[in-house]
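Residues per chain are reported as follows:
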Amino acid sequence: SGEAAATCGVALGVLLLVRSEEECEAGPAVVAGLPLGLAVALQPSTAALALVLVGAVLARWRREGLIVLAWAAPGALVALAFAAAASSTVGSATPGAAALLVSPAKGALVFAPVALVGLAGLLRALRPPARRLWDQPGPGRLLPVACGLAALAHLASIAVAGSWAGGDFWGPRWVAPAWPLLLLFLPEGFALLK
């Protein structure tokens with residue numbers, strides 16, 4: 001299975017997006033397309049997640065961000081080739097939305113409750129700061145919004161496709177590529193929850 005490698009690709013893509021925001025340059029953000037495209041090639045269920053993050057790069061950097069599409073193209077083409085080869089297999093509809101999160105055998109929050117701390121941190125990153133100096137710029141909300149929407153898109157696509165229960169395994173294997181999106185906000189979550 002390609003979940004671990006896809007998770008690594010998403011983590012690298014998120015790292016490049018964070019670097020781009022810190023340096024206020026489009027360069028690292030557009031290069032993030034390569035690991036995100038490879039994540040889709042390794043695990044096609046990450047397509048919705050990658051599309052949201054690529055859309056965030058395009059929204060933030062506009063014309064400069066268009067290069068992200070070229071960086072994502074190799075992985076996307078490999079994913080399309082795999083999808084065309086495996087077009088005969090379709091996931092069956094299952095009651096996956098609730099089980100995806102709380103199933104005792106495969107529930108994401110059962111196996112990784114630290115994701116709740118990351119979710120709390122994400123929510124904290126979305127709200128305005130309580131105090132800041134008059135000449136201090138407000139924190140950007142694009143990265144928290146993009147990470148939150150990408151994680152939701154990933155969970156929704158898995159739940160709709162019914163692939164949350166695909167194969168014999170324990171734990172939230174299919175959810176793993178979304179973890180870097182939430183775990184990025186662990187420091188804020190720990191600060192909020194004390």
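This text gives an overview of the structure that appears in the document. (Residues numbered from 1 in each chain as written. Predicted model: local features only at pLDDT ≥ 70, side-chain atom pairs only at ≥ 80, totals over all residues. Heavy atoms only, no water.)

Within the protein, the regular secondary structure consists of 11 helices and zero strands. Listed N to C, the secondary structure of the protein is α-α-α-α-α-α-α-α-α-α-α in terms of helices and strands. Considering the protein as a whole, with its 194 residues, one finds that 43% of them fall into the buried category. Taking the intrachain contacts of the protein between residues at least 6 apart in sequence as the baseline, contacts between residues at least 24 apart amount to 70%. In the structure as shown, the protein presents an accessible area of about 10500 Å², 71% of it carried by carbon and sulfur atoms. (Helix = DSSP H or I, 4+ residues; strand = E, 2+ residues; numbered from the N terminus. Buried < 20%, exposed > 50% of the residue type's maximum accessible area, 1.4 Å probe, protein only. Contact = heavy atoms within 4.5 Å. Areas by Shrake-Rupley, 256 points an atom, 1.4 Å probe, with all protein chains shown as cover.)

Here the focus is the environment of Val30. As for its position among the elements, Val30 is in helix H2 (residues 27-31). C-alpha of Val30 to C-alpha of Leu58: the two residues are 28 residues apart in sequence and 8.8 Å apart in space. In this structure, Val30 is in contact with Val57, Glu64, Gly65, Ile67, Val68 and Trp71, ignoring residues within four places of it in sequence.

Glancing now at the packing of helix H4 (residues 47-65) against helix H9 (residues 142-161). Put simply, H4 and H9 touch, their axes get as near as 7 Å, and they point 155 degrees apart. Taken together, the axis directions place H4 and H9 in an arrangement best described as roughly antiparallel. In terms of crossing hand, the pair formed by H4 and H9 is right-handed. Here H4 contributes Ala48, Leu49, Val52, Leu53, Ala56 and Arg60 to the contact with H9, which in turn contributes Leu142, Ala146, Cys147, Leu149, Ala150, Ala153, His154 and Ser157. Taken together, the residues that form the contact of H4 with H9 break down as 11 nonpolar, two polar and one charged. (Axes fitted to C-alpha atoms, helices over the stretch in contact; angles between N-to-C directions. Parallel < 35°, antiparallel > 145°, perpendicular 65-115°, else oblique. Left-handed = near helix turned anticlockwise from the far one by under 90°. Nonpolar A, V, L, I, M, F, W, Y, C, P; charged D, E, K, R; others polar.)

This part takes up unusual backbone geometry. Even without being glycine, Arg62 reaches a positive phi, approximately 45 degrees. Relative to the helices and strands, Arg62 is located in helix H4. The exposed category is assigned to Arg62, whose relative accessible area is 59%. Phi is positive for Lys194, close to 55 degrees, though the residue is something other than glycine. Assessed through its relative accessible area of 86%, Lys194 is described here as exposed.

Taken as a whole and assessed by the stated rule, the structure comprises zero aromatic pairs. Above the face of the Trp61 ring, Arg60 is positioned so that its terminal group lies 4.0 Å from the ring centre. (Phe/Tyr/Trp six-rings, centres within 6.5 Å; stacked < 30°, edge-to-face > 60°. Lys NZ or Arg CZ within 6 Å of the ring centre and 35° of its normal.)

Let's shift gears to the side chain of His154. Within the secondary structure layout, His154 lies in helix H9. Judged by its relative accessible area of 0%, His154 is buried. A polar contact of 3.2 Å, which involves the side chain of His154, links it to the backbone oxygen of Ser45. Non-local contacts of His154, meaning those with residues more than four positions away in its chain, are made with Ser45, Thr46, Leu49, Trp174, Val175, Pro177 and Ala178. (Polar contact = N/O pair within 3.5 Å; in protein donor to acceptor, adjacent residues only side chain to side chain.)

The next point concerns the nonpolar core. Residues Val10, Leu17, Leu49, Leu53, Val57, Trp179 and Leu181 are the most contacted members of the largest nonpolar core, which totals 38 residues. For this core, the element with the most residues is H4, which contributes seven residues. (Core = buried A, V, L, I, M, F, W, Y, C linked by side-chain atoms within 4.5 Å.)

As a further point, take a nonpolar patch on the surface. A surface patch of nonpolar side chains, amounting to about 240 Å² of accessible area, comprises Val114, Leu183 and Phe190. As for its position among the elements, Leu183 is in helix H10 (residues 179-183). Residue classification places Leu183 among the partly exposed positions, given a relative accessible area of 32%. (Patch = residues over 30% accessible without salt bridge, like charges linked within 9 Å, V, L, I, M, F, W, Y side chains within 5 Å. Salt bridge = Lys/Arg side-chain N within 4 Å of Asp/Glu carboxyl O.)

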